Amino acid sequence: MSITRTDSTPRMSRIVEHNNTIYLCGQTAKDANADIKEQTITTLEKIEELLDKAGSDKKHILSVTIYVRDMKDFAAMNEVWDAWVEDGHQPARACVEARIARPELLVEMSVIAAKK
């Protein structure tokens, strides 16, 4: 089976595809200075853009790992998540508190999805 890597740098690829499965690198907010809700919104927008580029969409997400800088933001992040995820298409999900690469980043998401 072939492996396709898209938008690669010397360190990583933004999209990796294998066996009709899409793996996205960790996605963070478009504006790292925004609050948790806005960071979550723009992180999800980036995920949708990458999934579209790879021939998928949010209905085909299999699993998401969500990293939040501080669990005090868990409820606010979930408000945005719950409004975004479509009923009947909820992926497997884990959410953990973690130190993220830059201190201003409040949320990061790693996605695995199926091709449409």
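The structure under discussion appears in the preceding block.
Because the structure is predicted, anything quoted here is derived from the model rather than measured. (Residues numbered from 1 in each chain as written. Predicted model: local features only at pLDDT ≥ 70, side-chain atom pairs only at ≥ 80, totals over all residues. Heavy atoms only, no water.)

K.L.:
Can you help me understand helix 1 (residues 36-53) in this one?
P.N.:
Residues spaced three or four apart along an α-helix point in a common direction, a consequence of the helix completing one turn every 3.6 residues. The first and last C-alpha atoms of helix 1 sit 26 Å apart over 18 residues, in line with the 26 Å expected at 1.5 Å per residue. Every buried residue of helix 1 is accounted for by Ile36, Gln39, Thr40, Thr42, Thr43, Leu44, Lys46, Ile47, Leu50 and Leu51. Between the side-chain oxygen of the N-cap and the backbone nitrogen of lysine 37 there are 3.2 Å, and the N-cap of helix 1 in question is aspartate 35. Immediately beyond the C-terminal end of helix 1, within one or two residues, lies glycine 55, with a positive phi of roughly 85 degrees. (Helix = DSSP H or I, 4+ residues; strand = E, 2+ residues; numbered from the N terminus. Expected span 1.5 Å × (residues − 1). Buried < 20%, exposed > 50% of the residue type's maximum accessible area, 1.4 Å probe, protein only. Polar contact = N/O pair within 3.5 Å; in protein donor to acceptor, adjacent residues only side chain to side chain.)

K.L.:
Before we go on, may I ask you to explain a nonpolar patch on the surface in this structure?
P.N.:
On the surface, a cluster of nonpolar side chains totalling about 240 Å² of accessible area is made up of Tyr23, Leu62 and Ile112. As for its placement among the helices and strands, tyrosine 23 is situated in strand 3 (residues 21-24). (Patch = residues over 30% accessible without salt bridge, like charges linked within 9 Å, V, L, I, M, F, W, Y side chains within 5 Å. Areas by Shrake-Rupley, 256 points an atom, 1.4 Å probe, with all protein chains shown as cover. Salt bridge = Lys/Arg side-chain N within 4 Å of Asp/Glu carboxyl O.)

K.L.:
It is not clear to me how unusual backbone geometry should be interpreted in this structure. Could you clarify?
P.N.:
Note: most residues except glycine have negative phi, and most peptide bonds are trans. For asparagine 19, which is not a glycine, the phi torsion comes out positive at approximately 50 degrees. Along the chain, the position of asparagine 19 falls in the loop between strand 2 (13-18) and strand 3. Relative accessible area serves as the criterion here: at 43%, asparagine 19 is assigned to the partly exposed category. Of note, asparagine 20 is a non-glycine position whose phi angle comes to about 60 degrees, a positive value. In this fold, asparagine 20 is placed in the loop between strand 2 and strand 3.

K.L.:
Just to check I follow, could you spell out the pattern of salt bridges for this structure?
P.N.:
It is possible for side chains bearing opposite charge to pair when their charged atoms get close. Per the counting criterion, the structure on display carries 11 salt bridges. Measuring nitrogen to oxygen at the nearest pair gives 2.9 Å for the salt bridge that ties glutamate 79 to lysine 37. Note that glutamate 79 is positioned in helix 2 (residues 74-84) and lysine 37 in helix 1, a separation of 42 residues in sequence. Judged by its relative accessible area of 32%, lysine 37 falls in the partly exposed class. Lysine 116 is the salt-bridge partner of aspartate 57, the closest N and O atoms lying 3.7 Å from each other.

K.L.:
Please clarify how the packing of aromatic side chains should be interpreted in this entry.
P.N.:
For any pair of aromatic rings, the description rests on two quantities: the centre-to-centre distance and the angle between the ring planes. Counting across every chain of the model gives one aromatic pair. A ring pair is formed by tryptophan 81 and tryptophan 84, whose centres lie 5.3 Å apart and whose planes are at 50 degrees; its orientation type is tilted. Taken together, the residues span about one helical turn, with tryptophan 81 and tryptophan 84 both in helix 2 at a distance of three residues. Tryptophan 81 sits in the buried class, given a relative accessible area of 5%. Above the plane of the ring of tryptophan 81 lies arginine 93, whose end atom (NZ or CZ) is 5.3 Å from the centre. (Phe/Tyr/Trp six-rings, centres within 6.5 Å; stacked < 30°, edge-to-face > 60°. Lys NZ or Arg CZ within 6 Å of the ring centre and 35° of its normal.)

K.L.:
Is there a simple way to think about helix 2 in this case?
P.N.:
Every buried residue of helix 2 is listed here: Ala76, Met77, Asn78, Val80, Trp81 and Trp84. Among the structural elements, helix 1, strand 5 (61-68), strand 6 (92-97) and strand 7 (107-114) are those in contact with the buried residues of helix 2. (Contact = heavy atoms within 4.5 Å.)

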